[in-house]
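Topology and contacts: notes
Each chain is listed here by its residues.
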Amino acid sequence: MKTYTKITIAVLVTLLVVSLALIFFVAHYTVVFVLDSKASGELLPLSMNSNDPATGRPSPSREWMLLSSKKWTIESQDGLVLQGYFIPASQPTHRYVILSHGYRNSATSMAGYAQVYHNAGWNVLVPDHRAHGYSQGRYITMGWKEHQDLIGWARQLVEQDSEAQILLHGLSMGAATVMMATGSADLPSNVLAAIEDCGYTSVPEELTDKVSRVMGLPQFPLVPATSLMTWFHTGNFLGEVDCVAAVSQSDTPTLFIHGEEDTFVPFWMLEELYAAATCPKEKLVVPDAAHAQSHAADPDLYWSTVASFVERFVPLG
C-alpha cells in the first residue's frame, strides 16, 4: 500500500511539473511572439507603412509627412533613443497634437491623421513608439513604458513652448498609451484633452479575449503565466496596463471612439472604459466600423466630432 501511494504521488508530482513546464513554455513563446520585436520579426513583422503596394511609393499622406517633417529625438527613462516626426504649423500657434500609433505599426501609419490636423492649423508630433519604426528598444509593453515615453514627448513640447496647448490622439495600443498617460500624475498640465480610438480596457482582458474567444482555451493559467513571463522580460506585469483604472484617475477631458463592428478590441470595452471615466467625456460609436477603421468608415462623422470636442477644451492659440 505504501509503495502504491508513493508511486501515485510521484506520478502526480511528475504530471504537475510537466504541466507547469508546458504552461511556462507556452507563456514564454507567447511573450516572444507578441512582445519581442527582434525574435518575432520574421513571423509578425513590424510595419514601416512606407509604401503604397499599388505604386511602390509612399502614399500621398505619408510622402507629405516624410517631406514636411523634422526628425526629433528624446531619451527614454531607461536610456533608449526614441525618434519622432515634427511638422510645424503653417502659421505660429500654441496648439500641438501628439499622435500615438498602434501595435506593430509606426509613426507614418498616422500620416493621414497628421495631415488633417496640420490642415486645421496644428503643430503635429508623431513619435515612433519604442521597439517600433526608427525608435530603439526590443520589447513592446502595450502601453506601460510607452505611456512614460509619451509623457516625455509632451515634456519636450513644453520645453520648446511653455505655452503649449497639447492634445493627445491615440489609436488601438496608442489609445491605451494615451489613456495610461492621462491617468499619470506626471503628465504635464499643458495636456488639455485626449482622444482614444479603439483602446482596450487592460492587457489581461485583451489577452483573455484572444485566448478564450479566439483560441478556445481557458484564460487560467495561461494569462497569469504570460504576465509573469512578461515581467521577467520587460520588468512589468500585464496587469499594470489598466486603462479602466487610468481613466478613473484622470481629469483630462477625453473623447472615446470605437467602431461598432470591432472584434479585435471588442466593442464592449468602450462601455467599460466610458463608464469608469470620471473626467469630462464624450463618446462616439461608428456603425459598421471594424478595428481602427472608424475614420475610414465615416470620415465626416469622425472628424466633425473630433473638431467639436477639441474646440471645447483646446483654445485657439
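A few points on the structure. Since we're looking at a predicted model, the values are computed, not measured.

Cut-offs and rules
- Residues numbered from 1 in each chain as written.
- Predicted model: local features only at pLDDT ≥ 70, side-chain atom pairs only at ≥ 80, totals over all residues.
- Heavy atoms only, no water.
- Phe/Tyr/Trp six-rings, centres within 6.5 Å; stacked < 30°, edge-to-face > 60°.
- Helix = DSSP H or I, 4+ residues; strand = E, 2+ residues; numbered from the N terminus.
- Buried < 20%, exposed > 50% of the residue type's maximum accessible area, 1.4 Å probe, protein only.
- Lys NZ or Arg CZ within 6 Å of the ring centre and 35° of its normal.
- Arc of directions from axis to C-beta.
- Contact = heavy atoms within 4.5 Å.
- Salt bridge = Lys/Arg side-chain N within 4 Å of Asp/Glu carboxyl O.
- 1 Å grid on protein atoms, 1.4 Å probe; cavity = no way out; pocket = protein on both sides within 12 Å on 5 of 7 lines; lining within 4 Å.
- Points joined across faces, edges and corners; volume = space filled by probe spheres on them.
- Core = buried A, V, L, I, M, F, W, Y, C linked by side-chain atoms within 4.5 Å.

1. Concerning the packing of aromatic side chains
- Enumeration according to the criterion identifies ten aromatic pairs in this entry.
- Ring geometry for tyrosine 117 versus tryptophan 303: centroids 5.6 Å apart, planes at 85°, classification edge-to-face. Of the two residues, tyrosine 117 sits in helix 3 (residues 111-119) while tryptophan 303 sits in helix 11 (residues 299-313), which places them 186 residues apart along the sequence.
- Classification of tryptophan 303 as buried rests on a relative accessible area of 19%.
- One aromatic cluster in this structure is built from Tyr113, Tyr117, Trp122, Tyr302 and Trp303.
- Over the face of the ring belonging to tyrosine 274 we find lysine 281, whose NZ or CZ atom lies 4.5 Å from the ring centre.

2. Considerations on helix 2 (residues 60-68)
- Buried within helix 2 we find Ser61, Arg62, Trp64 and Met65. The buried residues of helix 2 occupy an angular sector of 160° when projected down its axis, which confines them to one face. In helix 2, the exposed positions angled more than 90 degrees off the buried face are occupied by Pro60 and Leu67.
- Residues of helix 2 that are buried in the fold lie against strand 2 (81-87), helix 3 and strand 4 (123-127).

3. Structural notes on the pattern of salt bridges
- Under the counting rule described, the total for this entry stands at six salt bridges.
- A salt bridge links glutamate 271 to lysine 283, with the shortest nitrogen-to-oxygen separation between them at 3.0 Å. One end of the pair, glutamate 271, is in helix 9 (residues 268-276); the other, lysine 283, is in strand 8 (residues 281-286), and twelve residues separate them in sequence.
- The partner of glutamate 282 in a salt bridge is arginine 312, with the nearest N and O atoms 2.4 Å apart. Separated by 30 residues along the polypeptide, glutamate 282 in strand 8 and arginine 312 in helix 11 bring together distant segments of the chain.
- Relative accessible area serves as the criterion here: at 53%, arginine 312 is assigned to the exposed category.
- The structure contains a network of salt bridges with shared partners spanning Asp78, Arg130 and Asp149.

4. Details of the layout of surface pockets
- Estimated volume of the second largest pocket: approximately 240 Å³.
- What lines the second largest pocket is a set of 15 residues, and nearest its centre among them are Asn105, Ser109, Leu171, Ala292 and Gln293.

5. Notes on the nonpolar core
- Membership of the largest hydrophobic core comes to 33 residues, with the highest contact counts inside it found for Leu99, Tyr117, Val124, Val126, Ile195 and Val306.
- Take this core: its biggest share by element is six residues, from helix 11.
- If you look at the next biggest cluster of nonpolar residues, it comprises 30 residues, including Ile140, Met173, Met179 and Met180.

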